[in-house]
There are 2 protein chains.
Amino acid sequence: MAFDGILKNIARHADLTAGEQDLFCSVLQVKNLKKKELLFKPGKICQQEAYINKGCLRTFFCDKNGAQNTFYFGIEDWWISDLLSRTFKVPSQYHVEAIEDAQVFLINDEDLENLMMRIPKLEHFYRKLFQYSVATFEQRLLEAHQLSAEERYRKFRDKYPEFDRRIPQKHIASYLGMTPEFFNTIRSKVLKAH
Amino acid sequence: MAFDGILKNIARHADLTAGEQDLFCSVLQVKNLKKKELLFKPGKICQQEAYINKGCLRTFFCDKNGAQNTFYFGIEDWWISDLLSRTFKVPSQYHVEAIEDAQVFLINDEDLENLMMRIPKLEHFYRKLFQYSVATFEQRLLEAHQLSAEERYRKFRDKYPEFDRRIPQKHIASYLGMTPEFFNTIRSKVLKAH
DNA sequence: AAAGAAACTTAAGGTATATTTAGAAATGGG
DNA sequence: CCCATTTCTAAATATACCTTAAGTTTCTTT
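Residues numbered from 1 in each chain as written. Chains lettered and ligands numbered in written order. Predicted model: local features only at pLDDT ≥ 70, side-chain atom pairs only at ≥ 80, totals over all residues. Heavy atoms only, no water.

You'll find chain A entered in an unreviewed UniProt entry as Crp/Fnr family transcriptional regulator, with Pedobacter yulinensis given as the organism.

This is the structure:
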(Lines give C-alpha, C1' and ligand atoms only; values in the text may rest on other atoms or scores of the structure.)
Protein backbone atom coordinates (compact mmCIF):
# COMPACT_ATOMS: atom_id res chain seq x y z
CA MET A 1 0.00 0.00 0.00
CA ALA A 2 1.09 3.56 -0.71
CA PHE A 3 1.26 4.72 2.91
CA ASP A 4 3.16 1.72 4.28
CA GLY A 5 6.36 3.68 4.81
CA ILE A 6 4.92 6.55 6.78
CA LEU A 7 2.79 4.24 8.95
CA LYS A 8 5.78 2.10 9.75
CA ASN A 9 7.74 5.22 10.63
CA ILE A 10 5.05 6.26 13.08
CA ALA A 11 4.79 2.75 14.50
CA ARG A 12 8.32 3.19 15.90
CA HIS A 13 6.80 5.24 18.74
CA ALA A 14 3.01 4.96 18.43
CA ASP A 15 0.86 1.87 18.10
CA LEU A 16 -2.13 3.18 16.13
CA THR A 17 -5.29 1.11 15.60
CA ALA A 18 -6.45 0.42 12.04
CA GLY A 19 -9.09 3.13 12.42
CA GLU A 20 -6.55 5.68 13.61
CA GLN A 21 -4.25 4.77 10.75
CA ASP A 22 -7.07 5.37 8.27
CA LEU A 23 -7.92 8.68 9.90
CA PHE A 24 -4.29 9.75 9.72
CA CYS A 25 -3.91 8.73 6.09
CA SER A 26 -7.13 10.50 5.15
CA VAL A 27 -5.51 13.90 5.77
CA LEU A 28 -2.35 13.13 3.83
CA GLN A 29 -1.84 14.88 0.54
CA VAL A 30 0.50 13.30 -1.99
CA LYS A 31 2.81 15.59 -3.93
CA ASN A 32 5.27 14.67 -6.65
CA LEU A 33 8.24 16.90 -7.36
CA LYS A 34 10.60 17.15 -10.30
CA LYS A 35 14.28 17.72 -9.61
CA LYS A 36 14.89 21.41 -8.73
CA GLU A 37 11.19 21.99 -8.04
CA LEU A 38 10.36 23.80 -4.78
CA LEU A 39 8.23 22.17 -2.08
CA PHE A 40 8.19 25.27 0.15
CA LYS A 41 8.95 28.86 -0.78
CA PRO A 42 10.01 31.76 1.45
CA GLY A 43 7.61 34.60 2.23
CA LYS A 44 4.58 32.97 3.80
CA ILE A 45 4.01 31.06 7.00
CA CYS A 46 4.81 27.38 6.58
CA GLN A 47 1.66 25.34 7.25
CA GLN A 48 2.78 21.81 6.57
CA GLU A 49 4.83 18.91 7.77
CA ALA A 50 6.20 16.66 5.01
CA TYR A 51 7.21 12.99 5.01
CA ILE A 52 9.60 12.02 2.22
CA ASN A 53 8.39 8.85 0.57
CA LYS A 54 10.91 8.95 -2.26
CA GLY A 55 13.79 11.12 -3.40
CA CYS A 56 16.04 13.66 -1.83
CA LEU A 57 15.42 17.27 -0.73
CA ARG A 58 17.31 20.09 0.86
CA THR A 59 16.43 23.20 2.88
CA PHE A 60 18.37 26.38 2.23
CA PHE A 61 18.06 30.11 2.51
CA CYS A 62 19.67 33.01 0.71
CA ASP A 63 21.84 35.37 2.74
CA LYS A 64 22.20 39.10 2.14
CA ASN A 65 24.76 38.49 -0.61
CA GLY A 66 22.38 36.15 -2.37
CA ALA A 67 24.45 33.05 -1.60
CA GLN A 68 22.55 29.84 -0.84
CA ASN A 69 23.05 28.37 2.56
CA THR A 70 22.00 24.71 2.85
CA PHE A 71 21.41 23.41 6.33
CA TYR A 72 19.20 20.39 6.06
CA PHE A 73 18.94 17.31 3.84
CA GLY A 74 16.26 14.67 3.77
CA ILE A 75 15.83 11.37 1.97
CA GLU A 76 13.36 8.47 2.05
CA ASP A 77 11.69 8.02 5.44
CA TRP A 78 12.75 11.44 6.79
CA TRP A 79 10.49 14.28 7.89
CA ILE A 80 11.00 17.80 6.63
CA SER A 81 9.34 21.11 7.44
CA ASP A 82 10.09 24.67 8.42
CA LEU A 83 9.61 24.45 12.17
CA LEU A 84 10.88 27.96 12.74
CA SER A 85 8.09 29.41 10.63
CA ARG A 86 5.42 26.93 11.71
CA THR A 87 6.18 27.22 15.40
CA PHE A 88 6.53 30.96 15.73
CA LYS A 89 4.05 31.80 12.94
CA VAL A 90 6.59 33.99 11.17
CA PRO A 91 7.06 34.14 7.39
CA SER A 92 9.40 31.44 6.18
CA GLN A 93 12.89 32.35 5.02
CA TYR A 94 13.57 28.94 3.58
CA HIS A 95 13.41 27.20 0.26
CA VAL A 96 12.83 23.46 0.29
CA GLU A 97 13.95 22.04 -3.03
CA ALA A 98 14.03 18.58 -4.60
CA ILE A 99 17.60 17.47 -5.34
CA GLU A 100 16.19 14.43 -7.13
CA ASP A 101 12.66 13.68 -8.39
CA ALA A 102 10.70 13.11 -5.22
CA GLN A 103 7.39 12.16 -3.67
CA VAL A 104 6.25 13.60 -0.35
CA PHE A 105 3.18 13.23 1.84
CA LEU A 106 1.96 16.54 3.27
CA ILE A 107 -0.03 17.18 6.44
CA ASN A 108 -1.56 20.56 7.20
CA ASP A 109 -0.53 22.03 10.50
CA GLU A 110 -4.16 22.48 11.49
CA ASP A 111 -5.08 18.88 10.65
CA LEU A 112 -2.05 17.69 12.55
CA GLU A 113 -2.89 19.69 15.67
CA ASN A 114 -6.47 18.35 15.53
CA LEU A 115 -5.32 14.78 15.04
CA MET A 116 -2.90 15.05 17.93
CA MET A 117 -5.72 16.19 20.18
CA ARG A 118 -7.91 13.27 19.11
CA ILE A 119 -5.09 10.71 19.20
CA PRO A 120 -2.69 11.31 22.12
CA LYS A 121 -0.45 8.52 20.81
CA LEU A 122 0.21 10.71 17.79
CA GLU A 123 1.22 13.63 19.98
CA HIS A 124 3.53 11.19 21.74
CA PHE A 125 5.07 10.32 18.40
CA TYR A 126 5.79 13.92 17.47
CA ARG A 127 7.04 14.69 20.96
CA LYS A 128 9.60 11.91 20.50
CA LEU A 129 10.41 13.04 16.96
CA PHE A 130 11.13 16.59 18.11
CA GLN A 131 13.03 15.37 21.15
CA TYR A 132 15.30 13.42 18.78
CA SER A 133 15.65 16.48 16.57
CA VAL A 134 16.79 18.65 19.45
CA ALA A 135 19.38 16.07 20.43
CA THR A 136 20.60 15.86 16.83
CA PHE A 137 20.85 19.62 16.38
CA GLU A 138 22.70 19.89 19.66
CA GLN A 139 25.23 17.39 18.36
CA ARG A 140 25.61 19.26 15.08
CA LEU A 141 26.14 22.57 16.80
CA LEU A 142 28.83 21.04 18.97
CA GLU A 143 30.59 19.59 15.97
CA ALA A 144 30.38 22.90 14.13
CA HIS A 145 32.18 24.60 17.01
CA GLN A 146 34.60 21.92 18.00
CA LEU A 147 35.77 20.19 14.84
CA SER A 148 37.94 21.29 11.94
CA ALA A 149 36.51 21.28 8.43
CA GLU A 150 38.16 17.95 7.65
CA GLU A 151 36.90 16.31 10.82
CA ARG A 152 33.39 17.55 10.13
CA TYR A 153 33.46 15.98 6.68
CA ARG A 154 34.78 12.66 7.97
CA LYS A 155 31.95 12.48 10.52
CA PHE A 156 29.42 13.40 7.87
CA ARG A 157 30.71 10.63 5.59
CA ASP A 158 30.55 8.06 8.37
CA LYS A 159 27.10 9.09 9.49
CA TYR A 160 25.43 9.69 6.13
CA PRO A 161 27.29 7.74 3.43
CA GLU A 162 24.18 7.95 1.28
CA PHE A 163 24.12 11.75 1.37
CA ASP A 164 27.77 11.77 0.38
CA ARG A 165 26.91 9.71 -2.70
CA ARG A 166 23.66 11.37 -3.77
CA ILE A 167 24.21 15.05 -3.05
CA PRO A 168 26.33 17.51 -5.10
CA GLN A 169 29.50 18.68 -3.39
CA LYS A 170 28.55 22.33 -3.23
CA HIS A 171 25.51 21.55 -1.12
CA ILE A 172 27.47 19.36 1.25
CA ALA A 173 30.08 22.11 1.54
CA SER A 174 27.40 24.58 2.53
CA TYR A 175 25.82 22.14 4.98
CA LEU A 176 29.19 21.66 6.65
CA GLY A 177 29.82 25.40 6.76
CA MET A 178 32.66 25.89 4.27
CA THR A 179 33.19 27.01 0.68
CA PRO A 180 32.88 24.48 -2.18
CA GLU A 181 36.50 25.07 -3.18
CA PHE A 182 37.85 24.35 0.25
CA PHE A 183 35.53 21.38 0.60
CA ASN A 184 36.86 19.98 -2.62
CA THR A 185 40.48 20.08 -1.52
CA ILE A 186 39.54 18.38 1.74
CA ARG A 187 37.51 15.75 -0.04
CA SER A 188 40.32 14.90 -2.47
CA LYS A 189 42.65 14.58 0.48
CA VAL A 190 40.27 12.30 2.40
CA LEU A 191 39.68 10.11 -0.67
CA LYS A 192 43.43 9.79 -1.32
CA ALA A 193 43.90 8.59 2.24
CA HIS A 194 42.25 5.29 1.22
CA MET B 1 3.59 29.10 46.64
CA ALA B 2 6.88 27.45 45.79
CA PHE B 3 5.79 25.87 42.49
CA ASP B 4 4.02 28.91 41.08
CA GLY B 5 6.69 29.57 38.49
CA ILE B 6 6.83 26.12 36.97
CA LEU B 7 3.04 25.77 36.89
CA LYS B 8 2.69 29.10 35.16
CA ASN B 9 5.33 28.01 32.66
CA ILE B 10 3.37 24.86 31.87
CA ALA B 11 0.11 26.81 31.69
CA ARG B 12 1.45 28.52 28.57
CA HIS B 13 0.54 25.40 26.59
CA ALA B 14 -1.41 23.11 28.93
CA ASP B 15 -4.41 23.90 31.05
CA LEU B 16 -4.00 21.44 33.94
CA THR B 17 -6.73 20.88 36.55
CA ALA B 18 -5.90 21.46 40.21
CA GLY B 19 -5.60 17.70 40.69
CA GLU B 20 -3.22 17.33 37.76
CA GLN B 21 -1.14 20.20 39.07
CA ASP B 22 -0.85 18.49 42.45
CA LEU B 23 0.08 15.21 40.80
CA PHE B 24 2.74 16.96 38.74
CA CYS B 25 4.17 18.82 41.74
CA SER B 26 4.25 15.63 43.79
CA VAL B 27 7.03 14.18 41.63
CA LEU B 28 9.16 17.34 41.70
CA GLN B 29 12.34 17.25 43.66
CA VAL B 30 13.82 20.54 44.86
CA LYS B 31 17.56 20.97 44.65
CA ASN B 32 19.66 23.93 45.77
CA LEU B 33 23.07 24.52 44.23
CA LYS B 34 25.99 26.65 45.27
CA LYS B 35 27.90 28.55 42.61
CA LYS B 36 30.23 26.15 40.71
CA GLU B 37 28.36 23.11 41.99
CA LEU B 38 27.40 20.51 39.37
CA LEU B 39 23.79 19.56 38.71
CA PHE B 40 24.66 16.82 36.19
CA LYS B 41 27.97 15.03 35.68
CA PRO B 42 29.26 13.18 32.64
CA GLY B 43 29.52 9.39 32.60
CA LYS B 44 26.07 8.11 33.31
CA ILE B 45 22.77 8.29 31.49
CA CYS B 46 20.92 11.50 32.28
CA GLN B 47 17.59 10.66 33.89
CA GLN B 48 16.16 14.06 34.67
CA GLU B 49 14.60 17.17 33.29
CA ALA B 50 15.26 20.33 35.32
CA TYR B 51 13.31 23.58 35.65
CA ILE B 52 15.36 26.53 36.86
CA ASN B 53 13.48 28.35 39.60
CA LYS B 54 16.33 30.65 40.54
CA GLY B 55 19.88 31.33 39.42
CA CYS B 56 21.92 30.69 36.32
CA LEU B 57 23.43 27.49 34.91
CA ARG B 58 25.47 26.40 31.93
CA THR B 59 26.01 23.15 30.03
CA PHE B 60 29.50 22.38 28.78
CA PHE B 61 31.70 19.48 27.84
CA CYS B 62 35.45 18.96 27.75
CA ASP B 63 37.04 18.27 24.39
CA LYS B 64 40.07 16.04 23.77
CA ASN B 65 42.41 18.88 24.75
CA GLY B 66 40.58 19.31 28.02
CA ALA B 67 39.15 22.67 27.03
CA GLN B 68 35.63 23.47 28.19
CA ASN B 69 33.05 24.03 25.52
CA THR B 70 29.90 25.81 26.72
CA PHE B 71 26.86 25.51 24.51
CA TYR B 72 23.85 26.21 26.64
CA PHE B 73 22.83 28.72 29.31
CA GLY B 74 19.70 28.81 31.41
CA ILE B 75 18.24 31.25 33.91
CA GLU B 76 14.97 31.61 35.83
CA ASP B 77 12.01 29.97 34.08
CA TRP B 78 14.14 27.97 31.62
CA TRP B 79 14.31 24.19 31.25
CA ILE B 80 17.60 22.38 31.18
CA SER B 81 18.57 18.74 30.63
CA ASP B 82 20.84 16.51 28.60
CA LEU B 83 18.44 15.47 25.87
CA LEU B 84 21.15 13.72 23.89
CA SER B 85 21.83 11.34 26.74
CA ARG B 86 18.22 11.00 27.87
CA THR B 87 16.84 10.44 24.42
CA PHE B 88 19.36 7.97 23.08
CA LYS B 89 20.14 6.38 26.45
CA VAL B 90 23.85 6.97 26.04
CA PRO B 91 26.21 8.09 28.82
CA SER B 92 26.22 11.84 29.19
CA GLN B 93 29.25 13.83 28.05
CA TYR B 94 28.06 17.03 29.64
CA HIS B 95 28.58 18.94 32.84
CA VAL B 96 25.74 21.16 34.00
CA GLU B 97 27.13 23.71 36.43
CA ALA B 98 25.68 26.56 38.46
CA ILE B 99 27.14 29.92 37.43
CA GLU B 100 25.34 31.53 40.36
CA ASP B 101 23.70 30.00 43.43
CA ALA B 102 20.62 28.31 42.06
CA GLN B 103 17.47 26.37 42.81
CA VAL B 104 16.08 23.81 40.38
CA PHE B 105 13.09 21.47 40.32
CA LEU B 106 13.94 17.99 39.04
CA ILE B 107 11.67 15.44 37.38
CA ASN B 108 12.76 11.86 36.79
CA ASP B 109 12.53 10.73 33.21
CA GLU B 110 10.45 7.71 34.25
CA ASP B 111 8.00 9.82 36.27
CA LEU B 112 7.75 12.23 33.38
CA GLU B 113 7.00 9.52 30.84
CA ASN B 114 4.34 8.08 33.16
CA LEU B 115 2.77 11.46 33.80
CA MET B 116 2.67 12.19 30.09
CA MET B 117 0.79 8.94 29.51
CA ARG B 118 -1.73 9.78 32.23
CA ILE B 119 -2.05 13.46 31.26
CA PRO B 120 -1.99 13.95 27.49
CA LYS B 121 -2.01 17.72 27.99
CA LEU B 122 1.40 17.37 29.57
CA GLU B 123 2.71 15.48 26.58
CA HIS B 124 1.29 18.32 24.50
CA PHE B 125 3.28 20.77 26.59
CA TYR B 126 6.58 18.97 26.09
CA ARG B 127 5.87 18.45 22.42
CA LYS B 128 5.54 22.22 22.10
CA LEU B 129 8.59 22.82 24.26
CA PHE B 130 10.75 20.55 22.10
CA GLN B 131 9.29 21.97 18.92
CA TYR B 132 10.40 25.42 20.10
CA SER B 133 13.80 24.05 20.96
CA VAL B 134 14.32 22.60 17.50
CA ALA B 135 13.38 25.92 15.93
CA THR B 136 15.78 27.73 18.25
CA PHE B 137 18.68 25.38 17.59
CA GLU B 138 18.06 25.64 13.87
CA GLN B 139 18.37 29.40 14.17
CA ARG B 140 21.57 29.14 16.18
CA LEU B 141 23.17 26.76 13.73
CA LEU B 142 22.36 29.11 10.88
CA GLU B 143 23.89 32.01 12.70
CA ALA B 144 27.00 30.00 13.55
CA HIS B 145 27.53 29.30 9.84
CA GLN B 146 26.44 32.57 8.36
CA LEU B 147 27.56 35.32 10.71
CA SER B 148 30.96 36.70 11.64
CA ALA B 149 32.08 36.62 15.26
CA GLU B 150 31.11 40.24 15.77
CA GLU B 151 27.66 39.79 14.27
CA ARG B 152 27.06 36.73 16.41
CA TYR B 153 27.88 38.69 19.55
CA ARG B 154 25.64 41.60 18.56
CA LYS B 155 22.70 39.24 18.05
CA PHE B 156 23.41 37.53 21.35
CA ARG B 157 23.44 40.88 23.16
CA ASP B 158 20.16 41.93 21.59
CA LYS B 159 18.47 38.62 22.28
CA TYR B 160 19.80 37.88 25.76
CA PRO B 161 20.88 41.15 27.41
CA GLU B 162 20.55 39.43 30.76
CA PHE B 163 23.04 36.69 29.82
CA ASP B 164 25.45 39.37 28.68
CA ARG B 165 25.27 40.97 32.13
CA ARG B 166 25.29 37.89 34.34
CA ILE B 167 27.66 35.49 32.60
CA PRO B 168 31.50 35.67 32.55
CA GLN B 169 33.02 36.58 29.20
CA LYS B 170 34.91 33.34 28.74
CA HIS B 171 31.70 31.35 28.82
CA ILE B 172 29.96 33.65 26.37
CA ALA B 173 32.99 33.40 24.08
CA SER B 174 32.76 29.62 24.14
CA TYR B 175 29.00 29.68 23.56
CA LEU B 176 29.52 31.89 20.52
CA GLY B 177 32.30 29.67 19.21
CA MET B 178 35.40 31.82 19.60
CA THR B 179 38.35 32.24 21.94
CA PRO B 180 38.03 34.48 25.01
CA GLU B 181 40.83 36.72 23.71
CA PHE B 182 39.17 37.31 20.38
CA PHE B 183 35.81 37.77 22.06
CA ASN B 184 37.31 40.41 24.30
CA THR B 185 38.62 42.50 21.43
CA ILE B 186 35.24 42.29 19.71
CA ARG B 187 33.39 43.21 22.87
CA SER B 188 35.56 46.28 23.53
CA LYS B 189 34.96 47.37 19.97
CA VAL B 190 31.18 46.90 20.23
CA LEU B 191 31.05 48.78 23.55
CA LYS B 192 33.09 51.67 22.15
CA ALA B 193 30.63 51.96 19.27
CA HIS B 194 28.09 53.45 21.71
C1' DA C 1 42.76 43.32 54.73
C1' DA C 2 46.18 40.49 52.45
C1' DA C 3 47.36 36.91 49.41
C1' DG C 4 46.29 33.91 45.94
C1' DA C 5 43.51 32.63 42.23
C1' DA C 6 40.70 33.58 38.48
C1' DA C 7 39.17 36.57 34.88
C1' DC C 8 40.00 40.19 31.76
C1' DT C 9 42.94 43.04 28.50
C1' DT C 10 46.28 43.90 24.92
C1' DA C 11 49.43 42.81 21.29
C1' DA C 12 52.44 40.00 17.98
C1' DG C 13 52.84 36.32 15.06
C1' DG C 14 50.65 32.10 13.03
C1' DT C 15 47.12 29.08 10.77
C1' DA C 16 42.84 27.40 8.94
C1' DT C 17 39.76 28.68 5.89
C1' DA C 18 37.83 32.21 2.44
C1' DT C 19 38.13 34.47 -1.97
C1' DT C 20 39.30 34.87 -6.52
C1' DT C 21 40.36 33.19 -10.85
C1' DA C 22 40.73 29.85 -14.37
C1' DG C 23 40.33 25.77 -16.72
C1' DA C 24 38.63 20.80 -17.02
C1' DA C 25 35.07 17.55 -16.57
C1' DA C 26 30.45 16.23 -16.23
C1' DT C 27 25.56 16.89 -17.05
C1' DG C 28 21.35 18.23 -19.37
C1' DG C 29 18.28 20.20 -23.00
C1' DG C 30 17.03 20.52 -27.71
C1' DC D 1 25.01 14.41 -30.56
C1' DC D 2 26.30 19.06 -29.63
C1' DC D 3 26.23 23.20 -27.25
C1' DA D 4 25.20 25.46 -22.81
C1' DT D 5 25.28 25.13 -18.23
C1' DT D 6 26.56 23.35 -14.06
C1' DT D 7 29.87 21.13 -11.25
C1' DC D 8 34.43 19.99 -10.04
C1' DT D 9 39.57 20.77 -9.55
C1' DA D 10 43.55 23.54 -8.73
C1' DA D 11 46.53 27.19 -7.25
C1' DA D 12 47.56 32.12 -5.54
C1' DT D 13 46.39 35.55 -2.54
C1' DA D 14 43.79 37.44 1.43
C1' DT D 15 41.71 37.49 6.08
C1' DA D 16 39.15 36.16 10.22
C1' DC D 17 40.24 34.05 13.96
C1' DC D 18 43.70 31.40 16.99
C1' DT D 19 47.84 30.91 19.96
C1' DT D 20 50.93 32.49 23.04
C1' DA D 21 52.43 35.41 26.42
C1' DA D 22 52.64 39.07 29.74
C1' DG D 23 50.38 42.60 32.40
C1' DT D 24 46.22 44.22 34.89
C1' DT D 25 42.08 43.98 37.19
C1' DT D 26 38.58 41.60 39.82
C1' DC D 27 37.05 37.91 42.73
C1' DT D 28 37.67 34.54 46.56
C1' DT D 29 39.44 32.81 50.67
C1' DT D 30 41.45 33.22 54.98
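After presenting the structure, the write-up continues.
Q: Explain unusual backbone geometry to me, using residue names and the numbers behind them.
A: Residues and elements named next belong to chain B. A positive phi angle, close to 75 degrees, is found at K36, a residue other than glycine. Structurally, K36 can be placed in the loop between β1 (29–33) and β2 (38–40). In the Ramachandran plot, D77 falls in the positive-phi region, its phi being about 75 degrees despite a non-glycine side chain. Here D77 is to be found in the loop between β5 (68–74) and β6 (79–81). With a relative accessible area of 39%, D77 lands in the partly exposed category. (Helix = DSSP H or I, 4+ residues; strand = E, 2+ residues; numbered from the N terminus. Buried < 20%, exposed > 50% of the residue type's maximum accessible area, 1.4 Å probe, protein only.)

Q: Describe the sheet that holds strand β3 (residues 48–54) of chain B, and please don't skip the residues or the numbers.
A: Residue and element names in this part refer to chain B. A sheet is described by the order of its strands in space; here four strands give the open sequence β1-β8-β3-β6, paired in antiparallel fashion. Either end of the sheet is taken by a strand with one partner, and the two such strands are β1 and β6. Neighbour-to-neighbour, the strand axes of this sheet turn through a mean angle of 35 degrees, independent of strand direction. (Pairing = 2+ DSSP bridges. Axes fitted to C-alpha atoms, helices over the stretch in contact; angles between N-to-C directions.)

Q: Outline the pattern of salt bridges, listing residues and values.
A: Residue and element names in this part refer to chain A. Per the counting criterion, the structure on display carries 34 salt bridges over all chains. The residue R86 makes a salt bridge to E49 at a minimum N-O spacing of 2.3 Å. Taken as a pair, R86 in helix α3 (residues 83–88) and E49 in strand β3 (residues 48–54) lie far apart in primary sequence, 37 residues in all. Of the residues examined, R86 reaches a relative accessible area of 4% and is grouped as buried. Ionic pairing is found between E100 and R166, a salt bridge with its closest N-O pair at 2.9 Å. Of this pair, E100 sits in the loop between β7 (95–98) and β8 (102–108) while R166 is found in helix α7 (residues 161–166), placing the two residues 66 residues apart along the sequence. The exposure class of E100 is partly exposed, given its relative accessible area of 23%. Shared partners join several salt bridges into a network, and the residues in it are E49, R86, K89 and D109. (Salt bridge = Lys/Arg side-chain N within 4 Å of Asp/Glu carboxyl O.)

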